[in-house]
Amino acid sequence: MAASWLDRVLTLPQYALPHHALSLLAHRLTRLRRPAALKNAMIRAFIRAYGVDMNLAAEPTPEAYPDFNSFFTRPLVPGARPIAEPPEGIVSPADGAFSQLGSIAGDQIFQAKGHQYTLQALLGGGAADAAPFLGGQFATIYLSPKDYHRVHMPCAGTLRSMLHVPGRLFSVNSRTARVVPGLFARNERVVALFDTEAGPMAVILVGALFVAGIEMVWSGLVTPPTRARVRRWDYEDGPQLARGAELGRFNMGSTVIVLFPPGAMAWEPHHGPTDAVQMGELLGRMLR
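The text that follows walks through the structure, step by step, so that each part is easy to find.

The rules behind these values
Residues numbered from 1 in each chain as written. Predicted model: local features only at pLDDT ≥ 70, side-chain atom pairs only at ≥ 80, totals over all residues. Heavy atoms only, no water. Helix = DSSP H or I, 4+ residues; strand = E, 2+ residues; numbered from the N terminus. Rg over C-alpha atoms; globule rule 2.2 N^0.38 Å. Buried < 20%, exposed > 50% of the residue type's maximum accessible area, 1.4 Å probe, protein only. Contact = heavy atoms within 4.5 Å. Areas by Shrake-Rupley, 256 points an atom, 1.4 Å probe, with all protein chains shown as cover. Pairing = 2+ DSSP bridges. Axes fitted to C-alpha atoms, helices over the stretch in contact; angles between N-to-C directions. Phe/Tyr/Trp six-rings, centres within 6.5 Å; stacked < 30°, edge-to-face > 60°. Lys NZ or Arg CZ within 6 Å of the ring centre and 35° of its normal. 1 Å grid on protein atoms, 1.4 Å probe; cavity = no way out; pocket = protein on both sides within 12 Å on 5 of 7 lines; lining within 4 Å. Points joined across faces, edges and corners; volume = space filled by probe spheres on them.

## Overview of the overall build of the protein chain
Across its full length, the protein chain holds 8 helices and 18 strands. Compactness check: the protein chain gives a C-alpha radius of gyration of 18 Å against a globular reference of 19 Å for 288 residues, within 12% of the reference. Summarising its shape, the C-alpha atoms of the protein chain cover approximately 55 × 45 × 40 Å along the three principal directions. Within the protein chain, buried positions represent 52% of all 288 residues. Long-range pairs, those at least 24 residues apart, make up 77% of the contacts in the protein chain with a sequence separation of at least 6. Only carbon and sulfur atoms are counted for the fraction: they give 57% of the accessible area of the protein chain, which is about 12400 Å².

## Overview of the sheet that holds strand S1 (residues 89-91)
Across a sheet, strands are paired by hydrogen bonds formed along the backbone, either parallel or antiparallel in direction. Strand order across the open sheet formed by 3 strands is S1-S18-S16, with antiparallel pairing between neighbours. A strand with exactly one partner marks an edge of an open sheet, and here the two such strands are S1 and strand S16 (265-267). Each neighbouring strand pair of the sheet contributes to a mean axis angle of 30°, computed without reference to strand direction. The sheet contact formed by S1 and strand S18 (residues 282-286) spans 3 bridges and is antiparallel. Residue pairing for S18: Val-91 is matched across the bridge by Leu-282.

## Notes on the packing of aromatic side chains
The full count for this structure, using the stated rule, is 11 aromatic pairs. Ring centres of Phe-46 and Tyr-50 lie 4.7 Å apart, and the angle between their planes is 45°; on these two criteria the pair is classed as tilted. Within this pair, Phe-46 and its partner Tyr-50 are both found in helix H3 (residues 36-50), separated by 4 residues, close to a single helical turn. Here Tyr-50 falls in the partly exposed class, since its relative accessible area comes to 41%. The interplanar angle of 75° and the centroid separation of 5.9 Å between the aromatic rings of Tyr-65 and Phe-71 together place this pair among those described as edge-to-face. Judged by relative accessible area, Tyr-65 falls into the buried class, the value being 6%. Taken together, the ring pairs connect Phe-46, Tyr-50, Tyr-65, Phe-68, Phe-71 and Phe-72 into an aromatic cluster. In this structure, Arg-74 is placed above the aromatic ring of Phe-71, and the distance from its NZ or CZ to the ring centre is 4.8 Å.

## A few points about the pairing of strand S4 (residues 115-118)
Only one face of S4 is covered, namely the face carrying His-115 and Tyr-117; the face carrying Gln-116 and Thr-118 is uncovered. Direction of pairing for strand S3 (residues 108-112) relative to S4: antiparallel, over a ladder of 4 bridges. Residue pairing for S4: Gln-108 is matched across the bridge by Thr-118. Remark: 2 residues form the turn of the hairpin made by S3 and S4, two consecutive strands paired antiparallel; Gly-114 in that turn has positive phi of roughly 90°.

## Focus on unusual backbone geometry
Here the residue pair Arg-34 and Pro-35 is connected by a cis peptide bond, since its omega of 0° sits within 30 degrees of zero. The residue Pro-35 is located in the loop between helix H2 (19-29) and H3 in this model. The backbone phi angle of Thr-274 is positive, close to 80°, even though this residue is not glycine.

## Considering empty space enclosed by the protein
Under the counting rule described, the total for this entry stands at 1 cavity of 30 Å³ or more. Reported here for the largest cavity is a volume of approximately 60 Å³. Every residue lining the largest cavity is listed: Leu-29, Thr-30, Leu-32, Arg-33, Arg-34, Pro-35, Leu-38, Lys-39, Met-42 and Phe-68. With 3 residues, H3 is the largest single contributor of residues to the lining of the largest cavity.

Here you go:
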């Protein structure tokens, strides 16, 4: 679906917004604990506005959360998201909906009609990091405000490297994806590179407007603060994470992109753009 004139009219003002200043403000507001009545009112208003199912939350009572961010990153009750059983299965890292998924055309990843971006740009500019994924497979999953906002492992893996790539903080909804060129390679993001039984795997947590922080389980908060240059951490003996294990979370919502090399896996044929998906649901199967 190509961008309409309305898409452009509603999206273009984002170019002029002070993205990081607004997100820093959101970071502070979502961590306010007093007055408690205001915090509780914010949480209840959010639940009503977005239809959040609190029956799935480990703590269903809004008053139990010390601040709005604790509510937003709430854990679920045990068993709410069972992990698909096939040992060769690759599972969804998050709740949300597919923005796009399929094959990478050389180094080009499809964003929306008329828009693509390169692997190398997405992964922070390193040709060596991009090389294993040329011609491979990708899935882009958009997390809406009502979704569970913790990110989990699609398959078991060992962390090899992490990069923090600075950038803008455009919204990442479908309208913005139809208008802003190279959206996911322009926004600030955290790239995690793993070794798995299927070969290399990349999981990219893409920031967005009002996303007030990206955390990883092995390092804590990565952003904010933001930086002008790409930061990189390499791990000789990185943490090993099981399939379905939590790897990070968004403090406010955004998008997750998963990459695999060519010949490593195949997506389940019934999945397609705009389809809803839940963390732990079977997305594909290893071919190696």
